[in-house]
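Each chain is listed here by its residues.
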Amino acid sequence: IITGTSGYLGQHLLTSLCLDVASYTTPAQLNEGGIEIYAAFGTLTSFNDAIIEDVDHRVHVTKMSDVDISDVESMESLIHSVDPTAIIHLAAISAPLKCENDPPLAMAVNCPLALLNVVPAHCDLIFLSSDQVYDGSHPPYSESSPAKPLNVYGKSKLAFEEELCGSESQFRDRAVCLRSSLIVGPATPFACRKQTFLQFIHDSMQANIAHDYYIDECRSIVYVGDVIRTISHFLKHGTRVNPGIYNLGGPESLSRCDLALGVAEHCGFDVHLAIEAEKAGLPPGPVPNPLDISMVSSKLFNVTGIPMTGLEKILEVTFPLVMSNKDAKLI
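This one's a predicted model, so the numbers in the text were calculated from it and none came from an experiment. (Residues numbered from 1 in each chain as written. Predicted model: local features only at pLDDT ≥ 70, side-chain atom pairs only at ≥ 80, totals over all residues. Heavy atoms only, no water.)

A word on the overall build of the protein chain
Then, number 1: Across its full length, the protein chain carries twelve helices and 15 strands.
Then, number 2: Since a compact globule built from 331 residues should have a radius of gyration of about 20 Å, the 20 Å found for the protein chain is in line with a globular shape.
Then, number 3: Viewed in the frame of its principal axes, the protein chain has a C-alpha envelope of about 55 × 45 × 40 Å.
Then, number 4: Counting every position in the protein chain, which comprises 331 residues, the buried fraction comes to 53%.
Then, number 5: Within the protein chain, counting contacts between residues at least 6 apart in sequence, those at least 24 apart form 79% of the total.
Then, number 6: Accessible surface computed for the protein chain: about 15,300 Å², of which carbon and sulfur atoms make up 52%.
Then, number 7: Between the centroid of the 21 positive side chains of the protein chain and the centroid of its 39 negative side chains there is a distance of 2 Å. (Helix = DSSP H or I, 4+ residues; strand = E, 2+ residues; numbered from the N terminus. Rg over C-alpha atoms; globule rule 2.2 N^0.38 Å. Buried < 20%, exposed > 50% of the residue type's maximum accessible area, 1.4 Å probe, protein only. Contact = heavy atoms within 4.5 Å. Areas by Shrake-Rupley, 256 points an atom, 1.4 Å probe, with all protein chains shown as cover. Lys, Arg positive; Asp, Glu negative; His and termini not counted. Charge placed at Lys NZ, Arg CZ, Asp CG, Glu CD.)

Digging into the packing of helix α1 (residues 8-19) against helix α9 (residues 224-237)
Helix-helix packing: each pair is described by the crossing angle between the helix axes and the interaxial distance.
Then, number 1: For the pair α1 and α9, the least separation of the axes is 10 Å and the interaxial angle reads 55°. Our classification of the angle between α1 and α9 gives oblique. As for how α1 packs across α9, the hand of that crossing is right-handed. Judged by residue contacts, Y8, L9, H12, L13, S16 and L17 of α1 engage V224, V227, I228, I231, S232 and L235 from α9.
Then, number 2: Grouping the constituent residues of the contact of α1 with α9 by class yields nine nonpolar, three polar and no charged. (Axes fitted to C-alpha atoms, helices over the stretch in contact; angles between N-to-C directions. Parallel < 35°, antiparallel > 145°, perpendicular 65-115°, else oblique. Left-handed = near helix turned anticlockwise from the far one by under 90°. Nonpolar A, V, L, I, M, F, W, Y, C, P; charged D, E, K, R; others polar.)

Quick look at the packing of aromatic side chains
Then, number 1: In total, this model carries seven aromatic pairs according to the counting rule given.
Then, number 2: On the numbers, 5.8 Å between centres and 20° between planes, the contact of F197 with F200 is stacked. Taken together, the residues span about one helical turn, with F197 and F200 both in helix α8 (residues 197-206) at a distance of three residues.
Then, number 3: With a relative accessible area of 16%, F197 lands in the buried category.
Then, number 4: On the basis of an interplanar angle of 45° and a centroid distance of 5.6 Å, the ring pair of F234 and Y246 is categorised as tilted. Linking F234 in helix α9 with Y246 in strand β11 (residues 244-248), this pair joins segments that are twelve residues apart in sequence.
Then, number 5: Taking relative accessible area as the criterion, F234 reaches 2% and is therefore assigned buried.
Then, number 6: A relative accessible area of 2% means that Y246 is categorised as buried.
Then, number 7: Among the aromatic residues, those joined into a ring-pair cluster are F41, F47 and F190. (Phe/Tyr/Trp six-rings, centres within 6.5 Å; stacked < 30°, edge-to-face > 60°.)

Notes on a negative patch on the surface
Then, number 1: On the surface, E252, D258, E276, E278 and E312 cluster together into a negatively charged patch.
Then, number 2: Position of E252 relative to the elements: it lies in the loop between β11 and β12 (254-255). (Patch = residues over 30% accessible without salt bridge, like charges linked within 9 Å, V, L, I, M, F, W, Y side chains within 5 Å. Salt bridge = Lys/Arg side-chain N within 4 Å of Asp/Glu carboxyl O.)

Considering the confidence of the model for the protein chain
Then, number 1: With 97% of its residues at a pLDDT of 70 or more, the protein chain shows a mean pLDDT of 92.
Then, number 2: Low pLDDT, under 50, characterises residues 323-331; the predicted model gives this stretch 15 contacts beyond four residues in sequence or across chains. (pLDDT = per-residue confidence, 0-100.)

Considerations on the nonpolar core
Then, number 1: Counting 64 residues, the largest nonpolar core has L9, L178, M205, I231, L259 and V263 as its most contacted members.
Then, number 2: Not counting residues within four places of it along the chain, the set of residues in contact with L259 comprises L182, F197, L198, I201, I221, L254 and L311.
Then, number 3: With 33 residues, the next largest nonpolar core counts I1, V109, C123 and L164 among its residues. (Core = buried A, V, L, I, M, F, W, Y, C linked by side-chain atoms within 4.5 Å.)

Details of the environment of G166
Then, number 1: Positionally, G166 belongs in the loop between α7 (152-165) and β6 (175-180).
Then, number 2: On a C-alpha basis, the gap between G166 and G244 in space is 9.2 Å, while along the polypeptide they are 78 residues apart.
Then, number 3: Setting aside residues up to four positions removed in sequence, G166 forms contacts with E161 and R172.

Topic: the side chain of R179
Then, number 1: In this structure, R179 sits in strand β6.
Then, number 2: On the basis of relative accessibility, which here comes to 4%, the residue R179 falls in the buried class.
Then, number 3: A polar side-chain atom of R179 sits 2.8 Å from a polar atom in the side chain of Y134.
Then, number 4: Here E161 takes part through its side chain, which lies 2.7 Å from a polar atom of the side chain of R179. (Polar contact = N/O pair within 3.5 Å; in protein donor to acceptor, adjacent residues only side chain to side chain.)

A look at the pattern of salt bridges
Then, number 1: For the structure shown, the criterion picks out eight salt bridges.
Then, number 2: Across the salt bridge formed by E161 and R179, the nearest N and O atoms sit 2.7 Å from each other. Pair noted here: E161 is in helix α7 and R179 is in strand β6, with a separation of 18 residues, a long-range link.
Then, number 3: Look at E161 and you get buried, because its relative accessible area is 1%.
Then, number 4: Taken together, the salt bridges that share partners define one network made up of E217, R256 and K279.

What follows is the structure, given as structure tokens:
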């Protein structure tokens, strides 16, 4: 079961799992029969009609819409009907302001106890957490750094981490929590409510619209393909070999302005459309946000052996260019 499959990461992950079976299965697993993927999502009705082409014949996908992961009866029905061997929990209320305005809802969705109440003993658990569990005061962060989230979103993510990997948790020997940084990469294959920050920058600059971009809000941005490879690793090898909490960040600490300048230089836009601004000097907003939550992800690399992709390569994949007469044009 994958929750949140209609979202940005969910769409890319589902597509990858449908096309590249070998990346997340062993020959022994395939010999037992085909792969059943249950793609659970909420109310994005257009995703019901999304068709992934060239799906591996060994993969069968069942889409399950209007799934409420905060509802006990809904979760009981889902889990009992599927009896999953693995659950990848991506679904979340990820808008910090929405979380701040409705903490009970944020906690119910981002820390879904209704789901845990019915998880079978043979089921592995993979949870997409967030770098927002760190407070930004002492970067770069390792997994042993204190987790002190500043906002409700980060607190809800940390709460589910503790349910899965806390010292008293019954799931700690079969759960993996991935503290993901800001995920970026190509646009989704189907309609999606929200693309990544790179698409926002590109579309703004293409329309010749200038924006302020913070130079002091830094994160270890991570390529969506690396996130998929990481999840696929834990699906293939199981979560019980190396359970626990892992930072999931890229190799560079980058500010919002670094990303904007990178897009401008790669795509040939006017770099002056990226206006440098400092967030630290601004009045507090409605959501307390950490400034620098850069992370060290060496623990994850030591387990998976997966090298993380840098910004230059991410931009090449996200915004491919055709060179003609020394002029670069987007394709």
